[in-house]
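Structural characterization, general
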Amino acid sequence: MAGVRLCTRQMKNDSREWLLTSACGSFAMGALARLPRRKYHGLWISRRVRAQGPEHILLDVLEHATLRQQRRALANYDFGGAAGMDARSLISKCETHDTPRGSVTWTYELSPEEFLTRILTLKDSDALCIQYKWNGTAPLSLELAPLFTLRDVHALSMENLALDGTMSGSRFSPYLDYPTIRVQTEPPQPVIQTGRWY
């Protein structure tokens, strides 16, 4: 699919979806406007975590960019007490790329510069890669908050006090019988643990 130009009026009603798969059967899927419309939407659904079936690992990543002393949300959700859906108006384009691995790229207009978020699966690995590109010249800082779901792909979840989100370096093991999850940035960046439930 070529680049799809999006506008504010289309955000709430656009039902088109994208899908990325890996060689090990894991996948990522969602709506072009980055609004999760189904419980199956997510950036990382793994087939290697549990023998019983696919596991929904990561819904999305909340992204905040600070530019010229102004902090703006690039991707957020309306959790009732949050900022709402205003960040979606910053998306100007969504593109899917038919490369061997496949990828999806969102372009945000931080007038007059552009900021890009690219999602791609790693073909021979049960992992997800998210790339960020800033096309401006002014300094920009980026704050990322991954939304881990850690649930059966067919189920829904709520606050789970049995989950252990304690990070050990770049890794954490949410449950005793659960594989270790690694979160890595290049170059390395500090990780602040909030343990917030949405």
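Residues numbered from 1 in each chain as written. Predicted model: local features only at pLDDT ≥ 70, side-chain atom pairs only at ≥ 80, totals over all residues. Heavy atoms only, no water.

1. Here's the deal with the overall build of the protein
Basically, it comes down to this: Think of it this way: any DSSP run of H or I at least four residues long counts as a helix, any run of E at least two long counts as a strand, and we number them from the N terminus. Should any heavy atoms of two residues lie within 4.5 Å, those residues are considered in contact.
If you tally the helices and strands in the protein, you get 1 helix and 13 strands. Along its sequence from the N terminus, the protein presents helices and strands in the succession β-α-β-β-β-β-β-β-β-β-β-β-β-β. Taking all contacts inside the protein whose residues are at least 6 apart in sequence as the whole, residues at least 24 apart take part in 46%.

2. Here we look at the pattern of salt bridges
Which entries qualify depends on this criterion: The rule for a salt bridge is simple: a side-chain nitrogen of Lys or Arg has to be within 4 Å of a carboxyl oxygen of Asp or Glu. Type-normalised accessible area, obtained with a 1.4 Å probe on protein chains alone, sets the label of each residue: buried when under 20%, exposed when over 50%, and partly exposed for intermediate values.
In this structure the tally under the stated criterion is 6 salt bridges. When the shortest N-O distance is used, the salt bridge between Glu63 and Arg34 registers 3.1 Å. Taken together, the residues span a long stretch of sequence, with Glu63 in strand β5 (residues 55-67) and Arg34 in the loop between β3 (27-31) and β4 (42-46) at a distance of 29 residues. Across the pair, Arg34 and Glu63 agree in class, each one buried.

3. Things to note about the side chain of Arg151
Quick note on the threshold: We count Lys and Arg on the positive side and Asp and Glu on the negative side, and we leave His and both chain ends out. Each polar contact in these results corresponds to two N or O atoms within 3.5 Å; when the atoms are within protein, one needs to be able to donate a hydrogen and the other to accept it, and residues that are neighboring in sequence are counted only if both atoms are side-chain atoms.
For Arg151, the position within the fold is in strand β11 (residues 140-152). There is no salt bridge for the buried Arg151, and the closest opposite charge comes from Asp152, which lies 6.4 Å off by N-O distance. Polar contacts involving the side chain of Arg151 include one to the main-chain carbonyl oxygen of Lys39, which spans 2.7 Å. For Arg151, the side chain forms a polar contact with the main-chain oxygen of Ala155, separated by 2.6 Å. Discounting chain neighbours no more than four positions away, the residues touching Arg151 are Lys39, Glu55, His56, Leu156 and Ser157.

4. Structural notes on the nonpolar core
Here is the rule we go by: In this description, a nonpolar core means a group of buried Ala, Val, Leu, Ile, Met, Phe, Trp, Tyr and Cys residues linked to one another through side-chain atoms lying within 4.5 Å.
Ranked by internal contacts, the top residues of the largest apolar core, which has 29 residues, are Trp18, Ile57, Leu74, Trp106, Tyr108, Leu110 and Ile181. Of all the secondary-structure elements, those providing two or more residues to this core are β2 (17-21), β4, β5, β6 (70-75), β7 (91-97), β8 (103-110) and β9 (113-121). The element best represented in this core is β5, accounting for 5 residues. The contacts of Trp18, once residues within four sequence positions are left out, are Ala28, Met29, Gly30, Ala31, Leu32, Gly42, Leu43, Thr96, Val104 and Trp106.

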